[in-house]
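# Survey of secondary and tertiary structure
One letter stands for each residue in the lines below.
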Amino acid sequence: MRRLMGRRLSSLIAGAGRRRFSFLAQPAVAPAEAGAILHKDAKVVPRIPRFDYTPPPYDGPRAEEILRKRSEFLSPSLFHLYRKPLNIVNGRMQYLFDEDGRRYLDAFGGIATVCCGHCHPDVIEAIINQTKRLQHSTIFYLNHAIADFAEALASKMPGDLKVVFFTNSGTEANELALMIARLYTGCHDIISLRNSYHGNAAGTMGATAQCNWKFNVIQSGVHHALNPDPYRGVFGADGEKYARDVKEIIDFGTSGQIAGFISESIQGVGGIVELAPGYMSAVYKIIRNVGGLCIADEVQAGFARTGSHFWGFETHGVVPDIVTMAKGIGNGIPIGAVITTPKIAQVLTQRSYFNTFGGNPACTAGGHAVLKVIDKENLQQNALVVGSYLKNRLKALQDKHEIIGDVRGEGLMLGVELVTDRHLKTPAKAEILHVMEEMKGMGVLVGKGGFYGNVFRITPPLCFTKEDSDFFVDVMDIAMSKL
Ligand SMILES: Cc1ncc(COP(=O)(O)O)c(C=O)c1O
C-alpha cells in the first residue's frame with residue numbers, strides 16, 4: 001500500500017501549491033443527500049442521517065467569485081482545507097449546507113465553537129430580542145444582560161472563581177489572564193506546554209508553542225515545558241515525570257518564582273492531545289509552592305465538550321486560579337471571558353481597565369442562551385454518551401486500518417492520528433488530506449491539526465447523534481479503504 005500511496009501522494013503534494021494547508025485530490029462522489037449510492041469504487045456510500053430541514057434556495061455569489069474576491073481583498077494568510085473550497089451558506093444544528101443545497105455532517109463545529117448547534121433557535125431569538133432593544137452601550141451604564149450572564153457563568157465554576165471579565169476572543173482572554181498573573185505575583189515568567197495553542201497576540205503567541213503558529217517577533221518571558229503527551233511524549237503516560245520538568249524550569253530557568261502556568265486540559269490545535277494522568281495536579285502543586293497562579297485555558301475543552309464534566313480542568317481534579325474561555329461560550333458569537341477570584345481580580349484596579357465590546361448586551365444575551373440550551377438539552381450528557389460511542393467505533397476502526405496510530409480524547413473532543421508506520425509514528429501528512437477530501441465528497445466535514453497536520457480533530461456540535469457517529473465512521477472507513 002505504501003509504495004502505491006507514495007507515488008499517488010507525491011503527485012498530489014507536488015500540485016498542492018505554496019500553501020501548506022490547501023490540498024489537491026480527486027473529488028469522491030455525488031451529493032450526500034443522495035443517500036445510499038454507489039461509490040466510484042463500487043462501495044456502498046452510507047446514507048447521511050435524515051434531517052427535517054430544507055434551507056432556503058441560495059442565489060448569492062458562487063464559490064469561484066468569492067474565492068476571487070478573497071484572493072484580491074483579504075489577507076493572503078487565509079487558507080482553506082479542500083481542493084475545491086466549500087461555499088457554506090446555511091447551517092442547522094449539526095449540519096451545514098453548501099451553495100447547491102448539499103447537506104454535510106459537520107464534525108468540526110467551526111473549530112469546537114458551535115456547541116449547541118448551528119443557528120440554534122433559542123440562541124438566535126435571544127440575540128435578536130436583545131439587539132432590537134439595545135445592541136451596544138458601554139460599561140459606563142448598567143445593563144442586565146452582562147450581569148445576568150456573569151452570574152450564570154460563575155454558578156458553573158468551582159471554589160471562589162466568580163469574577164468575570166468579558167472579552168471578544170480567546171486570544172484576548174488569555175492575554176488578560178497572563179497579565180493578571182503577572183500583576184498579582186509581581187513576576188514575569190510564565191510556563192506553558194510545548195505543542196500548546198493560546199492565541200496569536202504578543203503575549204499569547206509567546207505562550208503558544210508550535211513554530212508554525214509563531215512569527216519571529218519578540219515574545220518574552222515564557223518557558224515551554226515538556227508536553228505530557230501519552231502518545232508521543234518522552235515519558236509516555238507518566239504524568240509525574242513530566243511534572244518534574246516544570247520544577248526544573250523554575251529552578252534552573254527563572255529566579256525561582258514565577259507568574260504562572262497556563263495549559264489547555266486537552267490540547268486542541270495541537271491535535272487533541274490529552275495530558276498524561278496525574279500531570280495537572282502535580283504541576284499545580286509545584287506552581288503554587290513558588291507563588292505562581294494556575295491558568296486553565298478552556299477555550300476548546302470548556303462548555304460541556306468533554307462530556308464527563310462541564311470544564312476540561314475538572315477531568316484532572318484541579319481547581320485553577322484563573323479560567324479563560326471563548327469559542328463554545330457563544331456558539332459562534334464573538335465573545336470570550338476570564339474568570340478568577342475576587343482577590344486576584346483586584347489587581348485590575350491598579351489602573352483603568354476596560355474593553356469596548358467585551359460583554360456587550362447582544363453577545364452576553366446570546367452567551368446566556370447558550371448556557372441555558374446546554375442545560376435544557378442535556379448536551380453534556382449527550383457529549384458523554386455519543387462521544388464514548390463514537391470513540392469506541394473509532395477504536396474498532398483502528399483495528400482495521402493500520403494507518404490509524406492513535407484514537408484519543410474525551411466526549412466530543414476526539415482525535416484520530418494517522419501514521420504511515422505505527423512503530424516509528426511517522427506522520428501520515430499527505431494521506432490525511434486524501435482521506436479528508438474523500439470524506440467531504442461523501443458528505444462529512446472534519447477538522448485537522450496537530451504539529452504535523454496528521455490528526456483528525458473531531459469536535460462537532462454537542463447535539464451530534466449516534467446515527468451521525470455511525471455515518472461519520474462508515475464514511476471514514478471507506479475513505480481509508482481507498483488509500
Ligand atoms: C485553546 C485555545 N486557546 C486560545 C485560542 C485563541 O482563541 P481565538 O482564536 O478566539 O483568539 C484558541 C484558538 O483556537 C484555542 O484553541
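An unreviewed UniProt entry lists the protein under the name alanine--glyoxylate transaminase, with Apostasia shenzhenica as the source organism. Here the protein is described in UniProt, under the heading Sequence similarities (unreviewed entry), as follows: "Belongs to the class-III pyridoxal-phosphate-dependent aminotransferase family." On record in UniProt, under Cofactor (unreviewed entry), the comment for the protein is "pyridoxal 5'-phosphate".

## A look at helix 12 (residues 379-400)
End to end, helix 12 covers 31 Å across 22 residues, agreeing with the expected 32 Å (1.5 Å per residue, within 8%). Taken residue by residue, helix 12 has Leu379, Gln380, Asn382, Ala383, Leu384, Val386, Gly387, Leu390, Lys391 and Leu394 as its buried positions. Residues of helix 12 that are buried sit in contact with helix 11 (361-376), strand 15 (404-410), strand 16 (413-421) and helix 14 (466-481).

## Observations concerning the site of the ligand
The environment of the ligand is made up of 15 residues, and the closest members are Ser169, Gly170, Thr171, Gly199 and Val299. At 3 residues, helix 6 (residues 170-185) tops the list of elements feeding residues into the shell around the ligand. Grouping the amino acids of the shell around the ligand by side-chain chemistry returns 5 nonpolar, 8 polar and 2 charged.

## What to know about the confidence of the model for the protein
Overall, the predicted model of the protein reaches an average pLDDT of 92, with 91% of residues at or above 70. This model gives residues 34-38 a pLDDT under 50, and the stretch forms 9 contacts once residues within four places in sequence are excluded.

## What about the pairing of strand 20 (residues 455-458)?
Both faces of the sheet carry side chains from a regular strand, because those side chains alternate between them. The alternating pattern of strand 20 places Val455 and Arg457 and Phe456 and Ile458 on opposite faces, both of which are buried. Judged from the 4 bridges that link them, strand 16 and strand 20 form a sheet pairing that is antiparallel. In the sheet register, leucine 414 faces strand 20, and the bridge partner there is isoleucine 458. Pairing of strand 19 (residues 447-449) with strand 20, which is carried by 3 bridges, proceeds in the antiparallel orientation. Its bridge partner lying in strand 20, lysine 448 is registered against phenylalanine 456. Where strand 19 folds back onto strand 20 in an antiparallel hairpin, the turn is made up of 5 residues, including glycine 450, whose phi is positive at roughly 90 degrees.

## Quick word on unusual backbone geometry
Peptide bonds are, in most cases, trans, and in most cases residues other than glycine have a negative phi. Not every positive phi belongs to a glycine, and cysteine 119 is a case in point at roughly 50 degrees. Tracing the chain through its elements places cysteine 119 in the loop between helix 3 (109-112) and helix 4 (121-133). Classification of cysteine 119 by C-beta neighbours within 10 Å gives partly exposed; the count is 14. For phenylalanine 303, which is not glycine, the phi dihedral falls at a positive 60 degrees. Counting through the fold element by element, phenylalanine 303 comes out in the loop between strand 12 (293-297) and strand 13 (322-325).

## Details of the domain arrangement of the protein
For the protein, the assigned domains read domain 1 (2-106 + 379-406 + 429-481) and domain 2 (138-369). The interface of domain 1 with domain 2 comprises 12 residues on the first partner and 13 residues on the second. Elements with a minimum of two residues in the side of domain 1 that touches domain 2: helix 12 and strand 20. A total of 5 residues in the side of domain 1 that touches domain 2 trace back to one element, the largest contributor, which is helix 12. Of the residues assigned to the side of domain 1 that touches domain 2, the class counts are 6 nonpolar, 4 polar and 2 charged.

## Quick notes on the environment of glutamine 94
Mapped onto the elements, glutamine 94 comes out in the loop between strand 3 (88-92) and strand 4 (95-98). C-alpha separation for the pair glutamine 94 and alanine 225, spaced 131 residues apart in sequence, amounts to 37 Å. For glutamine 94, the residues in contact, after removing those within four places along its chain, are Leu105, Asp106, Gly117, Pro460, Pro461, Cys463, Phe464 and Asp468.

## Observations regarding the sheet that holds strand 7 (residues 190-193)
The strands making up a sheet are joined through hydrogen bonds of the backbone, oriented either antiparallel or parallel. A sheet is described by the order of its strands in space; here 7 strands give the open sequence 6-14-13-12-9-7-8, paired in mixed fashion. With partners counted over all chains shown, the strands left at the sheet margins are strand 6 (163-167) and strand 8 (222-225), one partner each. Averaged over neighbouring strand pairs, the angle between their axes works out to 20 degrees when direction is ignored. Pairing between strand 9 (residues 260-264) and strand 12: 5 bridges, direction parallel. Each bridged residue has a counterpart across the sheet, and for glycine 260 the counterpart in strand 12 is leucine 293. Its contacts with the sheet place helix 5 (residues 144-154) against strand 6 and strand 14 (336-340), and it is angled at close to 120 degrees to strand 6.

## Some remarks on the nonpolar core
Grouped together as the largest cluster of nonpolar side chains are 130 residues, with contacts concentrated most on Ala181, Ala337 and Val444. Examining the composition of this core, we find that 8 residues originate from one element, helix 14, more than from any other. Shared between two domains, this core takes at least three residues from each, and those domains are domain 1 (2-106 + 379-406 + 429-481) and domain 2 (138-369). Excluding anything up to four places from it in sequence, alanine 181 contacts Ile190, Ala259, Gly260, Leu293, Ile295 and Ile322.

Reading the values: the criteria
Residues numbered from 1 in each chain as written. Predicted model: local features only at pLDDT ≥ 70, side-chain atom pairs only at ≥ 80, totals over all residues. UniProt positions renumbered as here; feature names shortened; annotations may be inferred. Helix = DSSP H or I, 4+ residues; strand = E, 2+ residues; numbered from the N terminus. Expected span 1.5 Å × (residues − 1). Buried ≥ 20, exposed ≤ 12 C-beta atoms within 10 Å, placed from the backbone. Contact = placed C-beta atoms within 7 Å. Near = placed C-beta within 6 Å. Nonpolar A, V, L, I, M, F, W, Y, C, P; charged D, E, K, R; others polar. pLDDT = per-residue confidence, 0-100. Pairing = 2+ DSSP bridges. Domains from an automatic or database assignment. Axes fitted to C-alpha atoms, helices over the stretch in contact; angles between N-to-C directions. Core = buried A, V, L, I, M, F, W, Y, C linked by C-beta atoms within 7 Å.

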